Amino acid sequence: MESIIKQSKYLSKTIDDFRNFIKNTNNKEKVSVLSILDKTLSIVNSSIVNNNITIVTCFEDDGIIDGYENQLIQAIINIINNAKDALNENTKDKYIFMETKKDKDTLSLSIRDNAGGIPDGIIEKIFEPYFTTKHQSIGTGIGLSITHQIITKHHDAVVSVHNETYKYNNEEFTGANFEIIFRTI
Ligand SMILES: Nc1ncnc2c1ncn2[C@@H]1O[C@H](COP(=O)(O)OP(=O)(O)OP(=O)(O)O)[C@@H](O)[C@H]1O
Ligand SMILES: [Mg+2]
């Protein structure tokens with residue numbers, strides 16, 4: 001019973017999150033990056049948990065930006081979903097690390113996984129529309145092109161990617177690191 005109640009409450013919250021997500025799609029407003037991250041994580045949470053992925057967050061800094069909240073949530077979900085796909089290929093302990101850092105008039109968000117990274121030779125193509133390495137039943141290759149469009153065309157921001165090798169809990173990991181740099185107001 002306890003578990004059923006807990007799960008129903010969770011489902012009900014997920015429905016609320018989605019309802020808010022669909023609402024007011026096209027108003028640029030002053031939004032906090034942390035509140036966007038909060039909403040994003042509540043939307044992806046169940047799929048992250050189901051896939052045995054641990055998300056480690058370090059959100060020390062927040063910043064207010066002028067943006068379309070729902071678009072930004074979508075842009076970040078696309079990056080997280082790719083990390084999930086990559087981690088599900090053959091990573092044992094699956095992690096996604098998310099971090100914010102403030103500078104004078106920017107706030108950067110990094111989303112890093114430990115799935116091994118993106119092969120040289122394709123890394124410069126991943127933001128192109130319809131570029132995919134996945135089977136057509138899984139991917140169409142539009143996720144990152146939408147992210148790129150949202151970040152660079154609809155917001156005064158940039159998105160880039162590089163592979164990184166880093167340490168976490170004394171273990172060495174390699175993975176893709178997507179970085180978004182927002183202009184704060
Ligand atoms: N975190 C990652 N690790 C390894 N490869 C990645 C990662 N993120 C993206 N890629 C590569 O970039 C490609 C393009 O990603 P994109 O999100 O645009 O399309 P997709 O995931 O293949 O399909 P869709 O998002 O439309 O379902 C992926 O097919 C994958 O090869
Ligand atoms: Mg994708």
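1. Regarding the overall build of the protein
- Across its full length, the protein carries four helices and seven strands.
- Across the protein, helices and strands are ordered from the amino to the carboxyl terminus as α-β-α-β-β-α-β-β-α-β-β.
- Compactness check: the protein gives a C-alpha radius of gyration of 17 Å against a globular reference of 16 Å for 185 residues, within 12% of the reference.
- With the C-alpha coordinates of the protein rotated into their principal frame, the extents come out at 45 × 40 × 40 Å.
- By residue count, 38% of the 185 residues in the protein fall in the buried class.
- A fraction of 71% describes how many contacts in the protein between residues 6 or more apart in sequence connect residues 24 or more apart.
- Carbon and sulfur atoms make up 49% of the accessible area of the protein, which amounts to about 10,900 Å² in all.

2. Some remarks on the pattern of salt bridges
- Per the counting criterion, the structure on display carries five salt bridges.
- Its salt-bridge partner being Glu99, residue Lys101 comes within 3.2 Å of it at the nearest N-O pair.
- In this structure, Asp156 engages Arg183 in a salt bridge whose closest nitrogen and oxygen atoms are separated by 3.1 Å. With Asp156 in the loop between α4 (143–153) and β6 (158–168) and Arg183 in strand β7 (residues 171–183), the pair connects residues that are 27 residues apart, well separated along the chain.
- Residue classification places Asp156 among the exposed positions, given a relative accessible area of 56%.

3. Some thoughts on the nonpolar core
- Within the largest apolar cluster, 38 residues are counted, with the highest numbers of intra-cluster contacts made by Ile76, Ile96, Phe178 and Phe182.
- Considering each element in turn, this core owes the most residues, nine residues, to helix α3 (residues 69–90).
- Beyond its immediate stretch of four places on either side in the chain, Phe178 contacts Ile79, Leu109, Ser110, Ile111, Ile118, Ile126, Phe127, Leu144, Ser160 and Val161.

4. Details of the sheet that holds strand β4 (residues 94–102)
- Across the sheet, five strands lie side by side as β2-β4-β5-β7-β6; this open sheet has mixed pairing. With one partner strand each, in any of the chains shown, β2 (53–59) and β6 form the two edges of the open sheet. Mean inter-strand twist for the sheet, computed between neighbouring axes without regard to direction, equals 20 degrees.
- Here strand β5 (residues 106–113) runs beside β7; their pairing, made up of seven bridges, is antiparallel. Paired with Thr106 across the strands is Arg183, a residue of β7.
- In this fold α4 packs onto β6 and β7, with an angle of close to 115 degrees to the strand it touches most, β6.

5. A look at the site of ligand 1
- Taken together, the neighbourhood of ligand 1 is formed by 20 residues, with Asn82, Asp113, Thr132, Thr133 and Lys134 sitting nearest.
- Separating an oxygen atom of ligand 1 from a side-chain N or O atom of Asn82 is a distance of 2.8 Å.
- Contact distances for ligand 1 include 2.6 Å between an oxygen atom and a side-chain N or O atom of Lys134.
- Here ligand 1 loses 89% of its free accessible area of 590 Å² to cover by the protein chains.
- The set of elements that each furnish at least two residues to the shell around ligand 1 consists of α3, α4 and β7.
- In terms of residue count, the dominant contributor to the shell around ligand 1 is α3 (three residues).

6. Considering the packing of helix α2 (residues 33–50) against α3
- The N-to-C vectors of α2 and α3 enclose an angle of 40 degrees; their axes lie 9 Å apart at closest approach. The pairing of α2 with α3 is recorded here as oblique in orientation. For the crossing formed where α2 meets α3, the hand is right-handed. Contacts between α2 and α3 involve Ser35, Ile36, Leu37, Lys39, Thr40, Ile43, Val44, Ser47 and Ile48 from the former and Glu69, Leu72, Ile73, Ile76, Ile77, Ile80 and Lys84 from the latter.
- Residue classes in the contact of α2 with α3 are distributed as ten nonpolar, three polar and three charged.

7. What about the pairing of strand β3 (residues 64–67)?
- Covered by surrounding structure in β3 are Ile65 and Gly67 only, the residues Ile64 and Asp66 on the alternate face being uncovered.
- Pairing analysis gives four bridges linking strand β1 (residues 29–32) to β3, with the strands arranged antiparallel. Paired with Glu29 across the strands is Gly67, a residue of β3.

Conventions and cut-offs
Residue positions are given per chain, counting from 1 as you read along its sequence in written order. Written order determines the labels here, with chains lettered from A and ligands numbered from 1. At least 70 in pLDDT is required for a residue's local features to be given in this predicted model, at least 80 for side-chain atom pairs to be given and counted, and no such filter applies to totals for whole chains, interfaces and linings, which use all residues. Side-chain measures were taken over the full set of non-hydrogen atoms in the model, leaving aside hydrogen atoms and water. Helix and strand assignments come from DSSP, with helices taken as H or I runs of at least 4 residues and strands as E runs of at least 2, each series counted from the N terminus. Based on C-alpha atoms, the radius of gyration is set beside the globule rule, defined as 2.2 Å times the residue count to the power 0.38. Residue exposure (1.4 Å probe, protein chains only): buried if accessible area is under 20% of the type maximum, exposed if over 50%, otherwise partly exposed. Contact definition: two residues touch when any of their heavy atoms are within 4.5 Å. Computed with the Shrake-Rupley method and a 1.4 Å probe, the accessible areas treat only the protein chains shown as cover for residues. Salt bridges are identified by distance alone: a Lys or Arg side-chain nitrogen within 4 Å of an Asp or Glu carboxyl oxygen. Take the buried residues of types Ala, Val, Leu, Ile, Met, Phe, Trp, Tyr and Cys, join any two whose side-chain atoms come within 4.5 Å, and each joined set is a nonpolar core. Strand pairing is assigned whenever DSSP identifies at least 2 bridges connecting the two strands. With axes taken as lines fitted to C-alpha atoms, and helix axes fitted only over the stretch in contact, angles between N-to-C directions fall between 0 and 180 degrees. One heavy atom within 4 Å of a molecule or strand is enough for the residue carrying it to be called near that molecule or strand. Polar contacts, as counted here, are pairs of nitrogen or oxygen atoms within 3.5 Å of one another; within protein the pair requires one atom able to donate a hydrogen and one able to accept it, and residues that are adjacent in sequence qualify only if both atoms are side-chain atoms. Working rule for angles: under 35 degrees goes down as roughly parallel, over 145 as roughly antiparallel, 65 to 115 as roughly perpendicular, anything else as oblique. The sense of a crossing depends on the near helix, which, turned anticlockwise from the far helix by less than a right angle, makes the crossing left-handed and, turned clockwise, makes it right-handed. Gly counts as polar in this scheme, as do all residues outside two lists: the nonpolar Ala, Val, Leu, Ile, Met, Phe, Trp, Tyr, Cys and Pro, and the charged Asp, Glu, Lys and Arg.

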